[in-house]
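# Summary of the model geometry
Listed below, chain by chain, are the residues.
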Amino acid sequence: MPRARSSRSSAPLSAGVHNQVRNPGMALDLSWVLDSRVNLSATERRVASLPGRRTVKKDAQAAWLLKAVTCIDLTTLNGDDTTERVKRLCAKAISPVRPEILDALGMGDRIITTGAICVYHRFVATAVEALGNSGIPVAAVSTGFPAGLSPHHLKVKEIEASVADGAREIDIVITREHVLTGNWTALYEEMKEYRTACGDAHVKAILATGDLKTLRNVAKASLVCMMAGADFIKTSTGKEGVNATLAVTLTMLRAIRAYEERTGIRIGYKPAGGISAAKDVLNYQFLMKEELGREWLEPDLFRIGASSLLADIERQLEHHVTGAYSALNRHPIG
Ligand SMILES: O=C[C@H](O)COP(=O)(O)O
């Protein structure tokens, strides 16, 4: 990773997030799906070793955290969301780190934004307007988020309505029952229809991994969604009992690697739910780099779904440049 103080240029960080070739999908290869295996104890050993084995300090850590900021899908998905709250969130997405902190990091002349804003359909038009010409895409959660149990035709209509309102990314939730009953054809068909309904909008498939019982199911669901054309696979809605974990991440990253080896297509990864501490996001970044390589640290292939992570990252960056921790209420949004 570049060190925070080392590069000065006006090139934007983030806000150019759709540079990858889209995933055209492929025919459902059931034998590949059914042959998927996950070695649970090896997976657990691998992720347990990560926090102790990899650390970055000082300027290097600030550079990793700034990179993480550019990958955040800054999210609000609450029953009490309002237009005003979404507008404030958009202002934070455009200017996620206070200018005096960026100046002190030697990054005052860089345009740094979050990767996207993520909201319910109701707020898509508001967010599109508030983000103006910033280049930041709006992602809409869809298909009856979070449970995904609305009638199928309404789920498709929900996608179309969000695209019509200007969403450039759609985060769909899969029907967990298809995974739990091993109905891979139904999952494939559903995902394919969602992909078609998205049109030019990029589609992220939320697997709700905390509901899927086994890592093997996570691996299989990942493969099926990629075969059906998902541009990203995403762990969670943030509403399941267990959301993003490193073990699930390793499983999904290996599925992404296998898909790239087979098809040459790069699929993005989005851990989401419960990632609120700067020190935790570093572990996700380390795992991305070790498993998939440097290219997967950029916002066109890596997003972090988070409602409160940005506040802690900004606080850690402030501590890095001032030596003092501020109260969290100095970082009210994100
Ligand atoms: O997709 C994003 C998640 O819903 C955000 O979850 P969080 O509120 O735990 O950060």
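Parameters at a glance
Residues numbered from 1 in each chain as written. Predicted model: local features only at pLDDT ≥ 70, side-chain atom pairs only at ≥ 80, totals over all residues. Axes fitted to C-alpha atoms, helices over the stretch in contact; angles between N-to-C directions. Helix = DSSP H or I, 4+ residues; strand = E, 2+ residues; numbered from the N terminus. Parallel < 35°, antiparallel > 145°, perpendicular 65-115°, else oblique. Left-handed = near helix turned anticlockwise from the far one by under 90°. Contact = placed C-beta atoms within 7 Å. Nonpolar A, V, L, I, M, F, W, Y, C, P; charged D, E, K, R; others polar. Buried ≥ 20, exposed ≤ 12 C-beta atoms within 10 Å, placed from the backbone. Pairing = 2+ DSSP bridges. Right-handed = clockwise from strand over helix to strand, strands pointing away. Core = buried A, V, L, I, M, F, W, Y, C linked by C-beta atoms within 7 Å.

## Observations regarding the packing of helix H4 (residues 58-71) against helix H14 (residues 309-322)
H14 packs onto H4 with a crossing angle of 155° between their chain directions and a minimal axis gap of 10 Å. In this view, H4 runs roughly antiparallel relative to H14, as classed from their interaxial angle. Between H4 and H14 the crossing geometry is left-handed. Across from Lys58, Ala62, Leu65, Ala68 and Val69 in H4, the residues of H14 making contact are Leu310, Ile313, Gln316, Leu317 and His320. For the contact of H4 with H14, a count of residues per class yields seven nonpolar, two polar and one charged.

## Describing the pairing of strand E4 (residues 169-173)
With five of five residues buried, E4 lies mostly within the body of the structure. Burial of E4 is two-sided: the residues Glu169, Asp171 and Val173 facing one way and the residues Ile170 and Ile172 facing the other way are all buried. As paired elements, strand E3 (residues 138-142) and E4 share four bridges and run parallel to each other. Each bridged residue has a counterpart across the sheet, and for Ala140 the counterpart in E4 is Ile170. With helix H8 (residues 152-164) bridging E3 and its parallel neighbour E4, the resulting β-α-β unit is right-handed. The pairing of E4 with strand E5 (residues 202-206) spans five bridges and is classified as parallel.

## Let's talk about the nonpolar core
Ranked by size, the top nonpolar core spans 100 residues in total, and within it Ile117 and Val224 carry the most contacts. In terms of residue count, the dominant contributor to this core is helix H11 (residues 215-227) (nine residues). When sequence neighbours within four positions are dropped, the list of residues in contact with Val224 reads Leu28, Val33, Trp184, Leu187, Tyr188 and Met191.

## Quick notes on the environment of Lys157
For Lys157, the location among the structural elements is in helix H8. Through-space distance from the C-alpha of Lys157 to that of Ala228 is 19 Å; in sequence the pair is 71 residues apart.

## Thoughts on unusual backbone geometry
Here the bond from Phe145 into Pro146 is cis, since omega is 0°, no more than 30 degrees from zero. Structurally, Pro146 can be placed in the loop between E3 and H8. At Thr143, a position not held by glycine, the phi torsion is positive, near 55°. By the secondary structure assignment, Thr143 is in the loop between E3 and H8. Note on Thr143: 27 C-beta atoms within 10 Å, which makes it buried. In the Ramachandran plot, Ala208 falls in the positive-phi region, its phi being about 50° despite a non-glycine side chain. Mapped onto the elements, Ala208 comes out in the loop between E5 and H11. By the C-beta count within 10 Å, which is 27 here, Ala208 ends up buried.

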